[in-house]
Amino acid sequence: LFESMTRLSVCIFFFLATFGSSEISVFHSGEGGFPCIRIPSLLNIPNTNILLAAAECRHFIHDGCNPYKETTSEKHSVQVWRTDLRWICVKRSDDGGRTWSKMQVNVTHMGSSNPTLAYERHNKRVLLQYNKAIILQPGENVDHPPRVSSLWQISSDDQGQTWGNRVNISAQVGMKSLLGAMGPGGGLTQLRSGTMVGAMYQGDPHGGLQSRVFYSHDYGQTYTLSPTILPHFSEPQVVQAPNGTVLVFGRNNKHVHCTCALVAHSVDDAHTFTHLHGLPHVTAIACQNSVAVYNKTNSMYFGNPGSATSREYFAVHESFNGGSSWNPMDVYHPPLAAHSGAAYSAMAIINGTMLGMLWETNMTHSCRGVSCQILFHSTLPPTRKKVGN
């Protein structure tokens, strides 16, 4: 059995322990009439097997997703780069990921992107944050009048079955950039203290990108911007390590410090951040990454494309020392050739037992690119401490 499990434990996480070895396609190109569905977020409702998966449902193509077009009408109905033609779609699983509901589409505004899901324990409430792009018309000047992206929050009190009013929190978090965007997938979390911590990224004065952190002491009703600026960061992911430190991981577009992801640390519940550095133990091209924390074993998991040159071969690394060092998971192997592409992802611990992940990858038909579908897997995380950690 061990040898069989080892052979079959491929890709990002695994269905072996509970559900078998099959990969579950949660979103795919063409579903619901959307040629491309990208940018996953994954949430487990605590103490249940309920999962929520969110993603961008796009009515435009390219950016890692290029469906084959078979008819002239299809060619004219799908825009190449109308980035306002997208919505946040949500699916729900009541059985830990074996089966998934139909898509909810009209949850957010048209033009919505970068979904991130979080659970607020005090009110037993699901929070969904996302950004809404401002699309400039031809000939319109960016500076007259000033135009910025906006950051929004919507909530659900029935575990994602219905959603409440949309609230614009842009002014609270200081979103002041046309390039402003929420950290996709895992940009919002609740600390053990009850503080909600989120992260976004925006343009810096030098034409690059930087990340900002914001927090809430009233369970997500209002937010305050942290004074710390994280240079070179984009697409930030927020977690609280088992030792209590708040960590923000970020995409490293300019390979600052190393060809790796970036991370910053906070020991005061995300009010300030210090110790900005790279993760030299984990190869990372310029791509979003995902992080999950498993408190039962004091472990953390980091997922990203495992290639140093392209978006392929999804890798999962683990740490047992608060993220100071990382090792490949025992169960990780390069994925099946049919699904060798790897791009954006999201991870979650399912009911305190399983490690789950959503992962963008390619399809064997109907679509070209590494972001044509989003798969789900889960696995029992290793429990023994690694040598050298």
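The structure this text deals with has already been given above.
Read on for an overview of the structure. (Residues numbered from 1 in each chain as written. Predicted model: local features only at pLDDT ≥ 70, side-chain atom pairs only at ≥ 80, totals over all residues. Heavy atoms only, no water.)

### Thoughts on the state of the cysteines
Applying the stated criterion to the full structure yields three disulfides. A disulfide bridge connects Cys-36 with Cys-65, and the sulfur atoms are separated by 2.2 Å. Because the torsion about its S-S bond is -95 degrees, the bridge between Cys-36 and Cys-65 counts as left-handed. Here Cys-36, found in strand E2 (residues 36–44), pairs with Cys-65, found in the loop between strand E3 (51–58) and strand E4 (66–67); they are 29 residues apart in sequence, far enough to count as distant. Each of the two residues, Cys-36 as well as Cys-65, counts as buried. Paired through a disulfide, Cys-57 and Cys-89 show a sulfur-sulfur distance of 2.0 Å. Between Cys-57 and Cys-89, the disulfide has an S-S torsion of -140 degrees and is therefore left-handed. Residue Cys-57 is located in strand E3, and its partner Cys-89 is located in strand E5 (residues 86–93); the two are separated by 32 residues in the primary sequence. Of the two residues, Cys-57 and Cys-89, neither departs from the other in class, the shared state being buried. (Disulfide = S-S within 2.5 Å. Helix = DSSP H or I, 4+ residues; strand = E, 2+ residues; numbered from the N terminus. Buried < 20%, exposed > 50% of the residue type's maximum accessible area, 1.4 Å probe, protein only.)

### Observations concerning the nonpolar core
Ranked by internal contacts, the top residues of the largest apolar core, which has 21 residues, are Val-26, Phe-27, Ile-37, Leu-42, Trp-100 and Phe-376. Elements represented by at least two residues in this core include exactly strand E1 (24–28), E2, E3, E5, strand E23 (345–350), strand E24 (354–361) and strand E26 (373–379). For this core, the element with the highest residue contribution is E3, accounting for four residues. Once residues within four sequence positions are removed from consideration, Ile-37 is found in contact with Phe-27, His-28, Glu-31, Ala-55, Glu-56, Cys-57, Met-103, Ser-371 and Ile-374. Ile-50, Tyr-119, Val-126 and Trp-163 belong to the second largest nonpolar core, which has 16 residues in total. (Core = buried A, V, L, I, M, F, W, Y, C linked by side-chain atoms within 4.5 Å. Contact = heavy atoms within 4.5 Å.)

### Structural notes on the pattern of salt bridges
Evaluation of the coordinates by the stated rule reveals nine salt bridges. Taking the shortest distance from any N to any O, the salt bridge between Glu-31 and Lys-91 comes out at 2.5 Å. Here Glu-31 is found in the loop between E1 and E2, whereas its partner Lys-91 is found in strand E5, with 60 residues between them in sequence. Accessibility classification places Glu-31 together with Lys-91 in one group, the buried group. Residues Arg-38 and Glu-360 are paired through a salt bridge, measuring 2.9 Å at the closest nitrogen-oxygen approach. Taken together, the positions of Arg-38 in strand E2 and Glu-360 in strand E24 put the pair 322 residues apart, joining distant regions of the chain. Owing to a relative accessible area of 2%, Arg-38 belongs among the buried residues under this scheme. When its relative accessible area of 0% is taken as the criterion, Glu-360 is described as buried. The network of salt bridges with common partners includes Arg-38, Glu-56, Arg-58, Asp-63, Arg-86 and Glu-360. (Salt bridge = Lys/Arg side-chain N within 4 Å of Asp/Glu carboxyl O.)

### Overview of the side chain of Gln-288
By secondary structure assignment, the location of Gln-288 is in the loop between strand E18 (274–278) and strand E19 (290–294). Only 3.1 Å separates the side chain of Gln-288 from the backbone oxygen of Pro-184, close enough to count as a polar contact. Polar side-chain contacts of Gln-288 include one of 2.9 Å to the backbone nitrogen of Ser-345. Dropping the residues within four chain positions of it, Gln-288 is found in contact with Pro-184, Gly-185, Glu-235, Gln-237, Arg-251, Pro-305, Ala-343, Tyr-344 and Ser-345. (Polar contact = N/O pair within 3.5 Å; in protein donor to acceptor, adjacent residues only side chain to side chain.)

### Describing the pairing of strand E15 (residues 233–240)
Burial analysis of E15 places eight of its eight residues in the buried class, which makes it a mostly covered element. When E15 meets strand E16 (residues 246–252), the two strands line up antiparallel, connected through six bridges. Looking at E16, one finds that Ser-234 is bridged to Arg-251. The antiparallel pairing of E15 with E16 creates a hairpin that spans five residues between the two strands, and Gly-244 there sits at a positive phi of about 95 degrees. (Pairing = 2+ DSSP bridges.)

### Quick look at the sheet that holds E23
Strand order in the open sheet made by the four strands is E1-E26-E24-E23, with antiparallel pairing throughout. Looking at strand neighbours, the two that pair on one side only are E1 and E23, the edges of this open sheet. Neighbour to neighbour, the strand axes of the sheet diverge by 20 degrees on average, direction disregarded. In this sheet, E26 lies alongside E24 in antiparallel orientation, the contact comprising seven bridges. When the bridges of E26 are listed, Thr-361 appears paired with Gln-373. (Axes fitted to C-alpha atoms, helices over the stretch in contact; angles between N-to-C directions.)

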